[in-house]
There are 2 protein chains.
Amino acid sequence: MLALDEIGLSETAWDLLGVAEGDEVRVSHPPAMDSLADVRRRIYGNRLDTTAFSEIVRDVVAGRYTDVHLAAFLTASAALPLDEEETVSLTRAMVNVGDRLRWDAAIVVDKHCIGGLPGNRTTPIVVAIVAANGLVMPKTSSRAITSPAGTADMMETLAPVDLDIATLRRVVEAEGGCIAWGGAVHLSPADDIFVRVERELDIDTEGQLIASVLSKKIAAGSTHVVIDIPVGATAKVRGKDVADRLAERMTAVAARFNLAARCLQTDGSQPVGRGIGPALEAFDVLSVLHNKSDAPDDLRQRAVTLAGAALEIGGKASQGSGAALALSTLAGGAAWKKFEAICEAQGGLRTPPQARHVYPLVAPRAGRIVHIDNRKLARLAKLAGAPGAKAAGVFMEVRLGDDVDRGQPLFHVHAETPGELAYALDYAARAGDIMMVA
Amino acid sequence: MLALDEIGLSETAWDLLGVAEGDEVRVSHPPAMDSLADVRRRIYGNRLDTTAFSEIVRDVVAGRYTDVHLAAFLTASAALPLDEEETVSLTRAMVNVGDRLRWDAAIVVDKHCIGGLPGNRTTPIVVAIVAANGLVMPKTSSRAITSPAGTADMMETLAPVDLDIATLRRVVEAEGGCIAWGGAVHLSPADDIFVRVERELDIDTEGQLIASVLSKKIAAGSTHVVIDIPVGATAKVRGKDVADRLAERMTAVAARFNLAARCLQTDGSQPVGRGIGPALEAFDVLSVLHNKSDAPDDLRQRAVTLAGAALEIGGKASQGSGAALALSTLAGGAAWKKFEAICEAQGGLRTPPQARHVYPLVAPRAGRIVHIDNRKLARLAKLAGAPGAKAAGVFMEVRLGDDVDRGQPLFHVHAETPGELAYALDYAARAGDIMMVA
C-alpha cells in the first residue's frame, strides 16, 4: 500500500497534526508516560500530591490514557476514597486543563443538582427567577448521562442550547442568564472523559463527584453556587449521613477556590413534577412559569427554595427572605418574562413535541402508594426512548401517599414509536414493583 | 446499505454465530451482566465468594467484559489484595472455564518460574533431566509477555512448540515430557485476558499471580510442581519477606487442589547464563546439555537444583539426593539424549539463528562490577528486537564481582537489523548505569 519513505495516517492523526499530502513527517516513540507510575502508587494505597494529579489529568486530556488506565485510576480513587487534599488537587488539575470563563460582575451565581432524581428540572425556573432579580447566572448544563433527560436535553425542546462561547456571552450580557449545553464550551474537559468511564463502571464516588461538579463551576467563573442534594432510598444519595458528609466536603473544597457553596438536602423519595423525559419535563417547567393552577407544586416549591438560596447568597435577599422574593418573582410573571427573553436570545422559544403512543399502567389493586422506585421509573422512561426521543418518557398520575382504586392509572408511558412503547411495557411487566400499592 | 428486515454482521459475529447468508436471525438485548455488581462490591472493599468469582470469570471468558471492566476488577484486587480464600476461589474459577488435561500417570511433575530474571531458561534442561528419569512432565510455557524471551520463544529456535493437544499427548506418551507453547491448548483462558490488562497497567499482584500460575498447572493435570522464585533488587520479587509470603500462600493454595508445590528462592541479582533473547538463551541451554566446558555454570547449577527438587517430590530421589541424581543425568549425557528425542518428537531439532549485527558496550572505567540492572538489560534486549527477532538480544561478558579494565566489553548487543541496533544503543546511552563499575 505504501512506498518506501511513505506513511499512512489515520483520519484523527491527519486532523491533529494538521499535515497536508506531501509533507515530511518524522516518527519517533512517544515519551514515557510517567504519570502511570503515580496511578500505580495510588492503586497500592499511596496518596498523591498536586503535581501527580496535574500530570495524570494532563495526560488524560491529551488522550494518552487507554480505557484500562482510566478505569484503574478511577477504581483506585474508589477503593481508597480521595481525601480532602486529593479532592482539591484533582479539582485544580481539572480546572487548569480547560478554558475558564470570566465575567464582568463581582457576583456570578450558579446552581447544580447532583442528580439521581427523575424530573428534577428546577434549573430553567431558578435561572429565570435569579436573572429577573438582576444577578448574573450563566448556567451550563449537561445532556443525560445515565438519566432519561439532562437539563440540556429538556431545554433543547424549548430553545437552542448548543451555544458557542461568543453566543453564550452575548445572551448573558443581554439577559443576565442563559440555560445552555456545557458541551460546546471547553470547561473541565477531563470530566467528560472520567464520566464516560464511571458510567461504564456504574460507580460514582464522592471525590470524583466533587471534583466533577466544582471544576465545571470554577471554570465557568462562578463565585457562588447552590447545590441540590436529593436524598432518598432510590436516589443517588440514599441517606442523610452520606448527604451531610458530601455537603461538608463539597463546601470545604469549594472554599479553597473562593467559591461559596450552599448545599440543600431535598426530598429524593419520588420524582419531581409529573413528567420524566425531555418534553414532558419541559411542559412541567412551562406550567410552573405560567403559574398554571395544575402546575406541579413540588417542582414549584423546590425551584423557589433553590432560587431563594441563590438570591440570598448572591446578596439580593436577606437570610430567610430569599424564598419569598423568589415566589413573588414567579407569581408576578417576571420569571416567565425573563425565561422567554432568554429563550429568544438563545435563538427562539420552541413548543416541545408530544408523543404519539401513550399507554397507561394501572394499579393492580386498591390501596395507598407507599413506595416509588426512581431507578425503575428512569429505566422505563429510557426504554421508551428518552432522551433520544424527545417526546418519550413517563407521565406520573399519582404521588406517594395517594389512595388509588384497582385499575386506576399510576402513570402513562409516552413513546414516539410502537416498538419503543412495547419495549418499555415489556420491562414494566418484568421489573417488579415500580410503585408499591399497599 | 441494508433493506428492511436485513441485518449486517461483523466478521466476528459471523464466525461466532456460525450463520450463513439468508439465515433468519432474531436480535434482542443481552441479559444484564450481574457479575459487574460483584466487581463494584469488591471495589468498595467487600470480599467475594466462590460464586461471585465464578460468575466474573465466566463473563470475562465469554468476552462480556470491556477493558474498563477488566481493569476495574484487577485494580480492585490490587488495592485490597485477594486473601487466601479469594485466591482459591479465583483459581478454581479460572480452572473451571477452560480445558483440563488428564494423564495416565499417578505423578505428573511441572515447574514454573515466576519470572523477572533475564536468561533464566532452566525449563528445557529440567524437563530433559526429569523425563530421562522416567517421570511424566508435560510442560507448557508462555511466550514473552513483558520479557525479551519466554520459554516458548526460546524453545521455538530449537524445535516446533505450536503443538495441538493430540500432538502434545503423543510427544509426552512417547518421551515422558514436552516443552510446548501453552497458547495452542485451551488451559485457563481467563489468564491470557487478565495478563494482557495487567501488562497494560504494569501491575502484578500476589493473588492474581498465584491464580495465574496454579490455574494453568491444575488445568494441565499436574500433581507436583516446583516453583522458582528469583529474589533480587531488580527482579520481580525484590525481597526475602515478599518471597516467603508468596511461597507460603502459593503452597497453601496449591494444597487446596491436591497439588504439591515446592517453592525455591533463587538468586535474582543478575541474569542467568550469558544470553538474553530467544536464540542466545538457546545456545546457553545447548552448551549445558552438551556439558561444554564453557557452559554457564549458574544456569547449570539452577537447572540441577530445580530438577533435583522435581525428582525428590516426584519420588525418584530421596530428600537431599535429587540434585546429585540430576547432575549425573546431565553429566552422563542422558539429559541431552532425552532433549534431542523430545525435539524430534515435537517436529525436529533446529539450529538457532545468529545475529548479523553485534556491538560491544564497554566499561567506562576500570573497576569491579557491583550492580547489574535486570530491568534495563531486558529493556535493551527488547529494543534490539527480542523476542520478535529471534537472534536479537544481549550477550553478557561479565558477572557480578568481576574485575574489568577500562574499555573491556561488558556485554554485546545482538540485532538483526542496523535500525534495531541503533535504537538499542540509543537507549543504552540514555539509560544510566545498566551495570555499575566501582
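One can find the structure itself at the top, above this paragraph.
Residues numbered from 1 in each chain as written. Chains lettered and ligands numbered in written order. Predicted model: local features only at pLDDT ≥ 70, side-chain atom pairs only at ≥ 80, totals over all residues. Heavy atoms only, no water.

## Some remarks on the relation of the copies chain A and chain B
Expressed as a screw operation, the relation of chain A to chain B combines 0.0 Å of axial shift with a rotation of 180°, fitting to an RMSD of 0.0 Å. The two molecules are tied by a two-fold rotation axis, judged by turn and shift. (Least-squares fit on C-alpha atoms with pLDDT ≥ 70 in both.)

## Quick notes on the interface of chain A and chain B
Taken residue by residue, the interface counts 22 residues in chain A and 22 residues in chain B. Where chain A abuts chain B, roughly 2,000 Å² becomes buried across the two surfaces, and 66% of that area is made up of carbon and sulfur atoms. Of all residues in chain A, the largest losses of buried area upon contact with chain B belong to Ile43, Val68 and Glu200 of chain A, amounting jointly to 28% of the total for that side. In this assembly, chain A and chain B are joined by six residue pairs in polar contact (both at pLDDT 80 or more). Mapped onto the side of chain A that touches chain B, the elements with two or more residues apiece are α2 (35-43), α4 (67-79) and α9 (189-201) of chain A. The greatest single-element share of the side of chain A that touches chain B, amounting to nine residues, is contributed by α4 of chain A. Partitioning the side of chain A that touches chain B into residue classes produces 12 nonpolar, five polar and five charged. (Contact = heavy atoms within 4.5 Å. Buried area = accessible area lost by both parts, 1.4 Å probe. Polar contact = N/O pair within 3.5 Å; in protein donor to acceptor, adjacent residues only side chain to side chain. Helix = DSSP H or I, 4+ residues; strand = E, 2+ residues; numbered from the N terminus. Nonpolar A, V, L, I, M, F, W, Y, C, P; charged D, E, K, R; others polar.)

## Comments concerning the packing of aromatic side chains
All names here are of chain A. The full count for this structure, using the stated rule, is six aromatic pairs over all chains. Each ring, one from phenylalanine 53 and one from phenylalanine 73, has its centre 6.3 Å from the other, and the planes form 70°; the classification is edge-to-face. Here phenylalanine 73 lies in helix α4 and phenylalanine 53 lies in helix α3 (residues 50-61), a separation of 20 residues in the sequence. The pair phenylalanine 53 / phenylalanine 73 is uniform in exposure class, with both members buried. Here a set of aromatic residues connected by ring pairs shows up, and it is made of Phe53, Phe73 and Phe194. When the ring centre of tryptophan 103 is taken as reference, the NZ or CZ atom of arginine 169 above it lies at 4.8 Å. (Phe/Tyr/Trp six-rings, centres within 6.5 Å; stacked < 30°, edge-to-face > 60°. Buried < 20%, exposed > 50% of the residue type's maximum accessible area, 1.4 Å probe, protein only. Lys NZ or Arg CZ within 6 Å of the ring centre and 35° of its normal.)

## A look at the pattern of salt bridges
Summed over the entire model, instances satisfying the criterion amount to 55 salt bridges over all chains. The salt bridge partner of arginine 302 of chain A is aspartate 228 of chain A, with a shortest N-O separation of 3.9 Å. A residue pair is termed long-range when its members are at least 10 positions apart, and arginine 302 of chain A in helix α13 (residues 297-313) and aspartate 228 of chain A in strand β4 (residues 224-231) qualify at 74 residues. Taking the relative accessible area as the measure of exposure, arginine 302 of chain A reaches 11% and is therefore buried. Residue aspartate 228 of chain A is classed as buried on the basis of its relative accessible area, which comes to 0%. With a closest N to O distance of 3.0 Å, aspartate 67 of chain B and arginine 196 of chain B form a salt bridge. Taken as a pair, aspartate 67 of chain B in helix α4 (residues 67-79) and arginine 196 of chain B in helix α9 (residues 189-201) lie far apart in primary sequence, 129 residues in all. Each of the salt bridges in this network shares a partner with another, and the network as a whole consists of Arg42, Arg47, Asp83 and Glu86 of chain A. (Salt bridge = Lys/Arg side-chain N within 4 Å of Asp/Glu carboxyl O.)

Spatial relationships are all this shows, so hold off on functional conclusions.
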